[in-house]
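Chain by chain, the residues:
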Amino acid sequence: LFKVCLGISKSFGTENRWSFGLEGYYNGEGYTNNVLDDTNLQPLFQYGGYYHTKEHGQWYTAISLTRTQLFNKTTTINLTALANWSDFSYLVNLSATYSPIDYFTVSLRLPFYLGGMNREFTFQKQFLPVQLQLVYNF
C-alpha cells in the first residue's frame, strides 16, 4: 500500500533560533471512517495491541514552531499541532527541554487531545496529561 509524507521547514530570526515546519502525510492503509467508534472492534484496539497513534487515518497534517536558546543556550520550547482529517481529532503539544549539563536532559510536555470521543487522539481518554522526562545518556 502507498504511503507518502511531504514536508517543508524554514529557520529564521536571530541566528536562526526560530523554525517553522509543515508536513502532510497520506497513509494508504488508513481508514476513511472512524473504526475506533465501533464498539465491537474496541477490545481489539484496547487489549489486542492494535492501537498505535498516527497510523489509523488516511490524511494527517502537522505544524510545528520551535524556539531554541530561549533563555539560555540549553533551553528549547516547541509547539506542535497534529490533525487526523479522517476522524477530525487533533493533538496539540507544548514542550520545553532543558539541558543543564552534557548528556542530561529534562523535558516537560503538555499534550492536549481534542476531538469527539473514540477518535484517534481521544481514544485513550487522556485529555491533558503532564509528562516529565529525565534522560541521562552515557
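Details of the structure are given in the entry above.
Let me sum up the structure you'll find in this document.

How each quantity is defined
- Residues numbered from 1 in each chain as written.
- Predicted model: local features only at pLDDT ≥ 70, side-chain atom pairs only at ≥ 80, totals over all residues.
- Heavy atoms only, no water.
- Phe/Tyr/Trp six-rings, centres within 6.5 Å; stacked < 30°, edge-to-face > 60°.
- Salt bridge = Lys/Arg side-chain N within 4 Å of Asp/Glu carboxyl O.
- Helix = DSSP H or I, 4+ residues; strand = E, 2+ residues; numbered from the N terminus.
- Buried < 20%, exposed > 50% of the residue type's maximum accessible area, 1.4 Å probe, protein only.
- Contact = heavy atoms within 4.5 Å.
- Core = buried A, V, L, I, M, F, W, Y, C linked by side-chain atoms within 4.5 Å.
- Pairing = 2+ DSSP bridges.
- Axes fitted to C-alpha atoms, helices over the stretch in contact; angles between N-to-C directions.

Here the structure, examined in full by the defined rule, presents seven aromatic pairs. Among the aromatic side chains, those forming a connected cluster through ring pairs are Phe 2, Tyr 26 and Trp 59.

So, about the pattern of salt bridges. Applying the stated rule across the entire model yields two salt bridges. One salt bridge in this structure joins Glu 29 and Lys 3, with 3.2 Å as the shortest N-O distance. Here Glu 29, found in the loop between β2 (18-27) and α1 (42-47), pairs with Lys 3, found in strand β1 (residues 3-12); they are 26 residues apart in sequence, far enough to count as distant. Note on Lys 3: relative accessible area 43%, which makes it partly exposed. Across the pair Glu 15 and Arg 17 runs a salt bridge whose closest N-O atoms are separated by 3.2 Å.

Turning our attention to the side chain of Gln 58. Within the fold, Gln 58 resides in the loop between α1 and β3 (59-67). The class for Gln 58 is buried, based on a relative accessible area of 15%. Ignoring anything within four residues of it in the chain, the contact list for Gln 58 reads Tyr 25, Tyr 26, Asn 27, Gly 28, Gly 30, Tyr 31, Thr 32 and Ser 86.

Right, let's get into the nonpolar core. Counting five residues, the largest nonpolar core is built from Tyr 60, Leu 82, Leu 91, Tyr 113 and Phe 121. Those residues in contact with Tyr 60 that lie beyond four places of it in its chain are Glu 23, Gly 24, Tyr 25, Lys 54, Glu 55, Leu 82, Ala 83, Asn 84, Trp 85, Glu 120 and Phe 121.

With that settled, consider unusual backbone geometry. Despite not being glycine, Gln 69 has its phi angle at roughly 50°, a positive value. Within the secondary structure layout, Gln 69 lies in the loop between β3 and β4 (75-84). Unusually for a residue other than glycine, Phe 88 sits at a positive phi of about 55°. Summarising the element assignment, Phe 88 is placed in the loop between β4 and β5 (89-101). Judged by relative accessible area, which is 47%, Phe 88 ranks as partly exposed.

All right, on to the sheet that holds β1 then. In space, the seven strands of this open sheet follow the order β1-β2-β3-β4-β5-β6-β7, with antiparallel pairing throughout. Bordering the open sheet on either side are β1 and β7 (131-136), each of which pairs with just one other strand. Taken pair by pair, the neighbouring strands of this sheet meet at an average axis angle of 15°, ignoring direction. The sheet contact formed by strand β6 (residues 104-114) and β7 spans six bridges and is antiparallel. Bridging from a neighbouring strand, Leu 108 pairs with Leu 132 of β7.

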